[in-house]
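Report on the structure
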Amino acid sequence: MEAQILQSSSSCFSSLHNTLNRYRFSSVSSLRPLSVSFTQTTRARTKVSRVLSMSKKDDESMKDDESMSKKDDDESDSLTYKDSGVDIDAGAELVKRIAKMAPGIGGFGGLFPYGDEFLVAGTDGVGTKLKLAFETGIHDTIGIDLVAMSVNDIITSGAKPMFFLDYFATSRLDVDLAEKVIKGIVEGCRQSDCALLGGETAEMPDFYAEGEYDLSGFAVGRVKKTSLINGKNIVAGDVLIGLPSSGVHSNGFSLVRRVLARSNLSLNDALPGGSTTLGEALMAPTVIYVKQVLDIISRGGVKGIAHITGGGFTDNIPRVFPDGLGAVIHTDAWELPPLFKWIQQSGRIEDSEMRRTFNLGIGMVLVVSPEAASRILQEAKNGDYVAYRVGEVINGEGVTYQ
């Protein structure tokens, strides 16, 4: 189903903050309200993140880049995500507390039982990648990032995205700029084969800096209960297959911006070892894996899927494992892209910090049977797509690197 956008018959305005609700009618049949109680299908695990990514809520606690502390300007210091205003451990603590109030959270997407299917929902934003959009003037692809962050989460359950809604907020509405952003969202939905049903435009004077805006959105998909991918049948000896990313995607930008401020380069300078400018490399839109992953799933052998977002390899891969299992990652299985080399070298960032913050060139990890791994790698060898054997499942929890 191609993304469809039809004109709504009416618009609803609010006098509170000048919001425009943009609801559109799709050819997709409306789902009727379902009056059932939630079934907890996944057990709360304190070592996983909430559905929300922990790379987002950072700017409120950060000072302007121009007023960084003397310590962070000292190039002998190793930068960390926490130095940049993002505390992953604090996020994990919040998850523990939320789990006491809402047991069952912890997956990449939320599950809701609906007949013989699960509706799978995901919500996200694009974090401080928006700051670079403001600086570079690249606004036509940030909408792709927004869609990608949600649909890539829900396909980890094997769900096919059905529809997406967005939220665009700004102090003063620049119609031309907003149109560029929405065009990116439309393109993201096209790539995801889902419908853009609507959204909201909120104009809130004095709330955002002049010329800036914020974005968020959510996606809903569906999967047969018998086809749900939840990692429960993963065993030691299963194989980890990595699918390449296009760059940083939409996580870790608070640390990226701190590295950029420390370096002697600007967004218009060439990326060392690369073929584009730094700005172009950093603003490359997030890969939408929907069609590729669903095709691989359809041929069997996929047991678990991890979307490598905030938390990197170290925190995201264990989210799909049963208790008692972990992973070994072969760091020589793929070449670290030039962008990540520059980030690590310029920020003097430790390997462990890189692995817990960035995707390092692998945006999605599939946990598959050895037989499925052979098939996938053969298809990659044939040139159908790019995929790497990045590791294996082992007994013992956590992620180790070799």
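I will try to describe carefully the structure that is included in this document.

Calculation notes
Residues numbered from 1 in each chain as written. Predicted model: local features only at pLDDT ≥ 70, side-chain atom pairs only at ≥ 80, totals over all residues. Heavy atoms only, no water. Pairing = 2+ DSSP bridges. Helix = DSSP H or I, 4+ residues; strand = E, 2+ residues; numbered from the N terminus. Axes fitted to C-alpha atoms, helices over the stretch in contact; angles between N-to-C directions. Parallel < 35°, antiparallel > 145°, perpendicular 65-115°, else oblique. Left-handed = near helix turned anticlockwise from the far one by under 90°. Contact = heavy atoms within 4.5 Å. Nonpolar A, V, L, I, M, F, W, Y, C, P; charged D, E, K, R; others polar. Buried < 20%, exposed > 50% of the residue type's maximum accessible area, 1.4 Å probe, protein only. Core = buried A, V, L, I, M, F, W, Y, C linked by side-chain atoms within 4.5 Å. Salt bridge = Lys/Arg side-chain N within 4 Å of Asp/Glu carboxyl O.

Right, let's get into the sheet that holds strand β10 (residues 325-329). Strand order across the open sheet formed by 6 strands is β9-β11-β8-β12-β10-β13, with mixed pairing between neighbours. Where the open sheet ends on each side, the last strands, each with one partner, are β9 (302-307) and β13 (398-401). For this sheet, the mean angle separating the axes of adjacent strands, direction not counted, is 25°. Inspection of the sheet shows strand β8 (residues 239-244) paired to strand β12 (residues 388-395) by 4 bridges, in the antiparallel sense.

As a packed pair, helix α4 (residues 142-154) and helix α5 (residues 175-192) sit with axes 6 Å apart at the nearest point and diverge in direction by 40°. Here α4 lies oblique to α5, going by the angle between them. Crossing hand, α4 versus α5: right-handed. For the pair α4 and α5, contact is made by Ile 142, Gly 143, Ile 144, Leu 146, Val 147 and Val 151 and by Val 181, Gly 184, Ile 185, Glu 187, Gly 188, Cys 189, Gln 191 and Ser 192, respectively. Of the residues assigned to the contact of α4 with α5, the class counts are 8 nonpolar, 5 polar and 1 charged.

We now examine the side chain of Ser 192. Relative to the helices and strands, Ser 192 resides in helix α5. Overall, the relative accessible area of 0% leaves Ser 192 in the buried class. Those residues in contact with Ser 192 that lie beyond four places of it in its chain are Val 147, Val 151, Pro 161, Ile 288 and Val 290.

What follows is about the nonpolar core. Generally speaking, nonpolar side chains in soluble globular proteins are found buried as a group. Within the largest apolar cluster, 96 residues are counted, with the highest numbers of intra-cluster contacts made by Leu 240, Ile 317, Phe 321 and Ile 343. In terms of residue count, the dominant contributor to this core is α4 (7 residues). Sequence-distant contacts of Ile 343, defined by excluding residues within four places in its chain, comprise Val 248, Val 256, Val 259, Ile 349, Met 354 and Phe 358. Core analysis: the next-biggest nonpolar cluster, separate from the first, contains 7 residues, Phe 112, Leu 119, Leu 165 and Val 220 among them.

Another point: the environment of Phe 207. Structurally, Phe 207 is set in the loop between β6 (195-203) and β7 (213-224). Sequence separation between Phe 207 and Ala 169 is 38 residues; the distance between their C-alpha atoms is 9.4 Å.

The final tally for this structure, using the stated rule, is 15 salt bridges. Of the charged contacts in the structure, one is a salt bridge between Asp 145 and Lys 129, with a shortest N-O distance of 3.0 Å. Linking Asp 145 in helix α4 with Lys 129 in helix α3 (residues 129-136), this pair joins segments that are 16 residues apart in sequence. This pair shows no difference in class: Asp 145 is buried, exactly as Lys 129 is.

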